[in-house]
Amino acid sequence: MSLTQTQVKLTALFAVVEQKVQTHYLDRFTNSNPEFLSENETINVKDLNDFLVEAGIIERGSEIPYIKVNGIDTTSITPDIIAASYPLRPVMPTSTVTMINGKEVSAQDFEEDRMLAKLKNAILKTKEKAAANIFLQGKYLQKESGTLIDFKYDAAEEIDAKTVENWVMFFFKLIDDYEEKNGIYPDRIELGRKLFEKIIKNNEFLEIAKAYSNSIGLSSDKQQVYLDLLGQRISKLKNAKTFDDKDINVDDYIYLSSDSALVSGYAALEAVDDSGNPFVARTTEILDKTPANKETARGKMFAKTGFVPILAIKEFIVRYKIKNIDSITMSKATATLDAVADYYLTMDVAAMTSAISTLTDKTLLNYMLVKETRTSGKAAINARLGQL
């Protein structure tokens, strides 16, 4: 038995349809290592371990620790099936012509593409939340089954901000400690929101930025503001929520991490062939259509995946909890905002509009609005604020 032509076609289109959801944490699991495709509807830890060794993710002879499910060591994980579906409306004959990118498309194809985009973004939202929970907490509570999957993070090392004499040297030491322990440098250094805001307004950092502007300073790209410390980015952790809609509080944390620690896992999925026979498919997702109901004249298109984010090398995720962050010396708040605002305001309006399209910092955007002198520039900033 194999996938039907409809399943193959929809799954292929699903892979290339444009996504509208930001996958800040999910990308870390998908961009570095090959994905693990289970042969069963559960993910066996031994099979996963063999895969990680063969893929060169962990060393031969190594073993990932048993994973806890509901507080008990387990040899297998059964992920919730992430699913979404939307009704398909009957397409009526029309004389209207639909043009996409200069090409005429049929009403049927247009409706199909619209459904695929909605399905993709619905699935991605759930996968992103799961990835954020695993990265930030090492665990997540599955919404449907209520089971807790826990990779058992070690407790974060606590450091008192009052004991830090030089924040630049402090970060250099964290990087050196990470490299000495793991044999690699971290891909990312990320700070919780409150801690990051304190550090970028720290007098010492600002003075060093002035003295060594080519190597240490405040920079920005489309996604976020970050500190550039001799080539190492120090950026702000993106806010995330648990599956019961509670904020994950990492305001005073530091994370040093390598994406090589992270893997996307997929349990096998049940499907039905053209003859109506069920079978199990080893794949990342399956899409299909159901026939129209005779009474409602509505069918539906659906997508499902057995995704689970896997923390393969938890030693590569190093966390610190900083106490007494209010003791960090602050400069005038506008000093830092000036540097970031000026970065954007020196662009032409078109470039600035594109650059701020993903900014979510209302304080920064409002400050830019005060400084902006161009009418079209003010309109662009106001438009972005209106989206938040």
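These numbers come from a predicted model, not from an experiment. (Residues numbered from 1 in each chain as written. Predicted model: local features only at pLDDT ≥ 70, side-chain atom pairs only at ≥ 80, totals over all residues. Heavy atoms only, no water.)

**Section: the overall build of the protein**
Where we set the bar: Secondary structure elements are taken from DSSP: a helix is a run of H or I of four residues or more, a strand is a run of E of two residues or more, and numbering for both begins at the N terminus. Burial classes: relative accessible area under 20% of the type maximum marks a residue as buried, over 50% as exposed, and values in between as partly exposed (1.4 Å probe, protein chains only). Note on definitions: a residue-residue contact is assigned when non-hydrogen atoms from the two residues lie within 4.5 Å. The method behind every accessible area is Shrake-Rupley, applied with a 1.4 Å probe, and residues are considered shielded solely by the protein chains displayed.
Helix and strand counts for the protein stand at 11 helices and 23 strands. Out of the 388 residues belonging to the protein, those deemed buried represent 46%. Considering only contacts in the protein between residues 6 or more positions apart, those separated by 24 or more positions represent 73%. Roughly 20400 Å² of accessible area belongs to the protein as shown, and the carbon and sulfur atoms make up 49% of that amount.

**Some remarks on the sheet that holds strand β9 (residues 139–141)**
Worth spelling out the cut-off: At least two bridges found by DSSP between two strands are what make those strands a pair. Axis definition: a line fitted to C-alpha atoms, over the contacting stretch in the case of helices. Angles run 0 to 180 degrees between N-to-C directions.
The strand order across the open sheet formed by 4 strands is β4-β3-β10-β9, and the pairing between neighbours is antiparallel. Single-partner strands in this sheet number two, and they are β4 (72–74) and β9. Taken over all neighbouring pairs, the strand axes of this sheet differ in orientation by 25 degrees on average, direction set aside. Pairing between β9 and strand β10 (residues 148–150): 3 bridges, direction antiparallel.

**Re the sheet that holds strand β17 (residues 262–266)**
Spatial strand order, β1-β17-β22: 3 strands in an open sheet with mixed pairing. In the strand order of this sheet, the two ends are held by β1 (36–37) and β22 (307–311), each with one partner. Sheet topology note: the β1/β17 ladder contains 2 bridges and is parallel. When the sheet's bridge partners are listed, Leu 37 is paired in β17 with Tyr 266.

**Quick notes on the environment of Leu 174**
Its location among the elements puts Leu 174 in helix α5 (residues 167–182). Judged by relative accessible area, Leu 174 falls into the buried class, the value being 5%. For the pair formed by Leu 174 and Leu 256, sequence separation is 82 residues and the distance between their alpha carbons is 8.3 Å.

**Here we look at helix α11 (residues 375–387)**
For clarity, the cut-off: Here the expected span of a helix is defined as 1.5 Å times the quantity of residues minus one. Working note: the arc is built from the helix axis to C-beta atom directions.
A rise of 1.5 Å per residue sets the reference length of α11, with its 13 residues, at 18 Å; its end C-alpha atoms lie 19 Å apart and thus fit the reference within 8%. Looking only at α11, the buried set comprises Gly 377, Ala 380, Ile 381, Arg 384 and Leu 385. Down the axis of α11, the buried set is contained in an arc of 135 degrees. They therefore lie on one face. Facing away from the buried surface of α11 by more than 90 degrees, the exposed residues are Thr 375 and Gly 386.

**What to know about the environment of Val 263**
Along the chain, Val 263 turns up in strand β17. When the C-alpha atoms of Val 263 and Phe 36 are compared, they prove to be 7.3 Å apart, with 227 residues separating the residues in sequence. Setting aside residues no more than four positions away along its own chain, Val 263 makes contact with Phe 29, Asn 33, Pro 34, Phe 36, Phe 51, Leu 52, Ile 57, Val 308, Pro 309, Ile 310 and Ala 312.

**Focus: unusual backbone geometry**
The phi torsion at Asn 70 lies on the positive side, around 55 degrees, for a residue other than glycine. Here Asn 70 lies in the loop between β3 (67–69) and β4. Despite not being glycine, Asn 324 has its phi angle at roughly 55 degrees, a positive value. One can find Asn 324 in the loop between β23 (317–323) and α8 (333–345).

**Regarding the packing of aromatic side chains**
Cut-off, in case you're wondering: Each pair of aromatic rings taken from Phe, Tyr and Trp, with Trp reduced to its six-membered ring, is defined by centres within 6.5 Å and is described as stacked if the planes are under 30 degrees apart, edge-to-face if over 60, and tilted in the remaining cases.
Going through the model one piece at a time under the given rule, you end up with 9 aromatic pairs. Residues Tyr 140 and Phe 243 carry aromatic rings whose centres are separated by 5.8 Å and whose planes lie at 40 degrees to one another, so their mutual orientation is tilted. Of this pair, Tyr 140 sits in strand β9 while Phe 243 sits in the loop between β15 (232–236) and β16 (253–257), placing them 103 residues apart in sequence. The same class applies to Tyr 140 and to Phe 243, which are both buried. Between Trp 167 and Phe 170 the ring centres are 5.0 Å apart and the planes differ by 75 degrees, which places this aromatic pair in the edge-to-face class. Here the residue Trp 167 and the residue Phe 170 both occupy positions in helix α5, the gap between them amounting to 3 residues, near one helical turn.

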